[in-house]
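# Notes for the structure review
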Amino acid sequence: MASSTRDGDIHDGEIRLWQEDNWWIAKDVETGVTTQGESREAALENLDDAVALHDGDRGRAPTDEELRAAGINPADNTTGDQEPPDVLD
């Protein structure tokens with residue numbers, strides 16, 4: 001089996017890519033974030049998105065217009081004095 005390193009150490013920016021059945025699996029070694037795709041390219045694109053989400057570089061609050069399009073009244077879309085649930089941390 002081929003290895004990306006000679007010494008077995010983790011290197012900055014190291015990505016591992018392998019195939020399981022009909023899927024390609026891509027893993028960012030530093031963060032542990034892992035994704036899959038039907039092609040190598042798709043798996044790597046998914047990994048880029050997932051790592052950006054992990055690092056807080058993606059995502060945003062929806063606009064009032066987007067909330068209305070989803071059938072949500074923006075005035076009712078508040079958490080009030082409550083803290084968001086732990087799963088949102």
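These lines cover the structure that appears in this document, whether it is placed above or below. In this numbering scheme, every chain counts its residues from 1 along its sequence in written order. Given that this is a predicted model, residues contribute local features only at a pLDDT of at least 70 and side-chain atom pairs are listed and counted only at 80 or more, while totals for whole chains, interfaces and linings are drawn from all residues. Note that water and hydrogens are dropped before the side-chain values are worked out from all heavy atoms of the structure.

Before going further, it helps to examine helix α1 (residues 40-54). In an α-helix there are 3.6 residues to a turn, and that puts residues three or four apart on one side. Taking 1.5 Å per residue as the helical rise, α1 with its 15 residues ought to reach 21 Å, and the 21 Å between its terminal C-alpha atoms agrees with that figure. Within α1, burial applies to Ala43, Leu47, Val51 and Ala52. We call two residues in contact when some of their heavy atoms are within 4.5 Å. Numbered from the N terminus, helices here are DSSP runs of H or I no shorter than four residues, and strands are runs of E no shorter than two. Among the structural elements, β1 (15-20), β2 (23-28) and β3 (34-37) are those in contact with the buried residues of α1. At the C-terminal side of α1, Gly56 shows a positive phi close to 80 degrees. Helix span, as expected, comes to 1.5 Å for every residue beyond the first. Accessible area is worked out with a 1.4 Å probe on protein chains only. A residue is then buried under 20% of its type maximum, exposed over 50%, and partly exposed in between.

A separate point is the nonpolar core. Throughout this description, the term nonpolar core refers to a set of buried Ala, Val, Leu, Ile, Met, Phe, Trp, Tyr and Cys residues connected via side-chain atoms within 4.5 Å. Listed in full, the six residues of the largest apolar core are Trp24, Ala26, Val33, Ala43, Leu47 and Val51. Considering each element in turn, this core owes the most residues, three residues, to α1. With residues up to four places along the chain from it excluded, the contact list for Val51 reads Asp28, Thr31 and Val33.

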